[in-house]
Amino acid sequence: MNYSPYGETFFKHPTGRVCDGRIVPDFIAEYAKLPLIKPYLEPGFTNYTNGVNFASAGAGVLPETRPGTIHLKLQLSYFEEAVKRLRQQLER
């Protein structure tokens, strides 16, 4: 979704999101004076101290729901990996 119109309303440029503006976690981050929460699959993103977003457009609960998408079990494995990395970061 890195093309128009996705992101034009708030960000004024394509964002890679399947929305045209901010979503609830963006408002929470803004209220907490944190940067916008980045997606887990953003290339090069490994600093999870301000949070991480595991959402995926078209995702289903079961792998069979929509083959080829990021299903819930895969999202949970991403979460477990993020927790592991975050613990490592905090131990330094």
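The following refers to the structure shown. Please read these numbers as outputs of a predicted model, since none were measured by experiment.

## What to know about the environment of Gly 51
Then step 1. On the secondary structure map, Gly 51 appears in the loop between helix H1 (24–31) and helix H2 (72–91).
Then step 2. Beyond its immediate chain neighbours, meaning those up to four positions away, Gly 51 contacts Ile 37 and Phe 45.

## Examining H2
Then step 1. Relative to the 28 Å expected for 20 residues at 1.5 Å per residue, H2 spans 29 Å between its end C-alpha atoms, a close match to the ideal helical length.
Then step 2. Turning to H2, its buried residues are Gln 75, Tyr 78 and Ala 82. One side of H2 carries all its buried residues, which in axial view fall inside an arc of 55 degrees. Exposed and oriented more than 90 degrees from the buried face of H2 are Lys 73, Glu 80, Arg 87 and Glu 91.

## Points about the packing of aromatic side chains
Then step 1. Tallied over the entire structure, the rule returns five aromatic pairs.
Then step 2. A centroid spacing of 5.9 Å and a plane angle of 75 degrees characterise the contact between Phe 54 and Phe 79, whose relative ring orientation is edge-to-face. Of this pair, Phe 54 sits in the loop between H1 and H2 while Phe 79 sits in helix H2, placing them 25 residues apart in sequence.
Then step 3. What makes Phe 54 buried here is its relative accessible area of 19%.
Then step 4. Among the aromatic side chains, those forming a connected cluster through ring pairs are Tyr 40, Phe 45, Tyr 48, Phe 54, Tyr 78 and Phe 79.

The rules behind these values
- Residues numbered from 1 in each chain as written.
- Predicted model: local features only at pLDDT ≥ 70, side-chain atom pairs only at ≥ 80, totals over all residues.
- Heavy atoms only, no water.
- Helix = DSSP H or I, 4+ residues; strand = E, 2+ residues; numbered from the N terminus.
- Contact = heavy atoms within 4.5 Å.
- Expected span 1.5 Å × (residues − 1).
- Buried < 20%, exposed > 50% of the residue type's maximum accessible area, 1.4 Å probe, protein only.
- Arc of directions from axis to C-beta.
- Phe/Tyr/Trp six-rings, centres within 6.5 Å; stacked < 30°, edge-to-face > 60°.

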